[in-house]
Amino acid sequence: MKAIAVMNMKGGVGKTTTVINLAHILSHDYHRRVVVVDCDPQCNTTEFYGVKGDDQINVADLLQNQGESCWIDCVVNISPYLYLLPATTQLWQLDLTAYLQGPPNVMAFRDFLAAVEEDNEVDVVLFDCPPGFTSASIAALSAAKEVIIPLTVDGFAFEGLSKLMPQLESMRKVNPALYVSGVLITQWRNTELVTKAEEELRKCNLPVFAQTIRRTEKVPESTVAKNPVVEYSATSAATKDYRMLAKEIFGEVPDHDETEA
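We now turn to the structure provided with this report.

The rules behind these values
Per chain, residue numbering runs from 1 following the sequence as it is written. For this predicted model, a pLDDT threshold of at least 70 governs which residues receive local features, and a threshold of 80 or more governs which side-chain atom pairs are given and counted, while totals over whole chains, interfaces and linings are taken from all residues. Computation of side-chain values: all heavy atoms of the structure, hydrogens and water removed. Among the buried residues, those of types Ala, Val, Leu, Ile, Met, Phe, Trp, Tyr and Cys that are joined through side-chain atoms within 4.5 Å form a nonpolar core. Note on classification: 1.4 Å probe, protein chains only; a residue is buried when its accessible area is under 20% of the maximum for its type, exposed when over 50%, partly exposed between these limits. By definition, residues are in contact when any of their heavy atoms lie within 4.5 Å. In this description, a line fitted to the C-alpha atoms serves as the axis of each element, helices being fitted only across the stretch in contact, and the angle between N-to-C directions of two axes falls anywhere from 0 to 180 degrees. Only DSSP runs of H or I with at least four residues qualify as helices, and only runs of E with at least two residues qualify as strands; both kinds are numbered from the N terminus onward. Under this scheme an angle from 65 to 115 degrees is roughly perpendicular, one under 35 degrees roughly parallel, and one over 145 degrees roughly antiparallel; angles in between are oblique. Crossing handedness: left-handed means the near helix sits turned counterclockwise from the far one by under a right angle, and right-handed means the same turn made clockwise. Under the scheme applied, nonpolar residues are Ala, Val, Leu, Ile, Met, Phe, Trp, Tyr, Cys and Pro; charged residues are Asp, Glu, Lys and Arg; polar residues are all the others, including Gly. In this scheme, strands are said to pair when DSSP sees at least two bridges between them. Planes of paired rings set the category: under 30 degrees apart is stacked, over 60 is edge-to-face and the rest tilted, where pairs are Phe, Tyr or Trp rings (Trp by its six-membered ring) whose centres lie within 6.5 Å.

Another aspect to go through is the nonpolar core. In this structure, V37, L63, L85, F109, F112 and F127 are the most contacted members of the largest nonpolar core, which totals 52 residues. When residues no more than four places from it in sequence are discounted, the contact partners of F127 are I4, A5, V6, V19, V37, C39, F109, L113, A140, A143 and A144. I4, I20, F48 and V124 belong to the second-largest nonpolar core, a separate cluster that totals 32 residues.

Another aspect to go through is the packing of helix α5 (residues 108–119) against helix α6 (residues 135–143). The N-to-C vectors of α5 and α6 enclose an angle of 45°; their axes lie 7 Å apart at closest approach. Between α5 and α6, the angle falls in the class oblique. The two elements α5 and α6 cross, and the hand of that crossing is right-handed. Touching F109, R110 and L113 of α5 are A136, A139, A140, S142 and A143, all from α6. When the residues that make up the contact of α5 with α6 are grouped by side-chain class, the tally is six nonpolar, one polar and one charged.

Packing of helix α1 (residues 15–29) against helix α11 (residues 237–250) brings their axes to within 10 Å, and their N-to-C directions diverge by 75°. If you check the angle between α1 and α11, you find them roughly perpendicular. In contact with T17, T18, N21, L22, I25, L26 and D29 of α1, α11 contributes Y242, R243, L245, A246, I249 and F250. Across the contact of α1 with α11, the residue classes tally to eight nonpolar, three polar and two charged.

Right, let's get into the pairing of strand β5 (residues 124–128). The two faces of the sheet receive side chains in turn, since in a regular strand these alternate between them. Counting buried residues along β5, five of its five residues qualify, which places the element largely inside the surrounding structure. Burial along β5 is two-sided: the residues V124, L126 and D128 and V125 and F127 are all buried. Alignment of strand β1 (residues 2–6) against β5, held across five bridges, turns out to be parallel. When the sheet's bridge partners are listed, V6 is paired in β5 with D128. Across five bridges, the pairing between strand β2 (residues 34–38) and β5 is parallel. Bridge pairing in β5 places V36 opposite L126.

Within the structure shown, the criterion is met by four aromatic pairs. Ring geometry for F48 versus Y49: centroids 5.5 Å apart, planes at 85°, classification edge-to-face. Look at Y49 and you get buried, because its relative accessible area is 17%. Of the aromatic side chains, those joined through ring pairs into one cluster are W71, Y83 and F112.

Structure below.
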């Protein structure tokens, strides 16, 4: 089972878009069983799926040891093969409480993943992390094995990346198995500034995915339509890029039904 945290200190770089589209490709196209964990108190992923986090077990509940004993009872079934552990705005309060009274159970996701893996019913868990090291993102990095870092190629992004890497290295004291599987260049466009910045990034001592995600208006349109861009616009540049990215990350993914035949 793969457990991947999608993380960056900077907002607006495509973390949620990446999680939603990878989850759709894997679950819808290849019948891989996917759990998406929304760790962001802004609840964008949760709202995208039309779920109200306060109405059922959510991430804040798990961090406060208030989840159900069976992992499947903690998630919402979004579609065949796709499940969501929703976020709630309670996560804002949880971070304040952590400051005043001590941290919540940041090992909660590790326990959750252990239960999922024991049942052998899930192929991929994707953690959609907020910018910054909140209680939920720390919990996600304590449990995940891989980190994907979406990045727009500009000066601010490079500065944010330089601050993120030491923090991730510190997390390896808690989770030695954690590693960066790749930096993902998003909102790519064919300009001199972007291409030069990309060249410099690929010279750094960091893994960078070969596949980039091109900038297209179909991506923000798809978020308004509450539909993954790979479904909303099947021929868009971003759709083609996310499909190639899925192959780069997961290899040539066979249909789950075929592997069980």
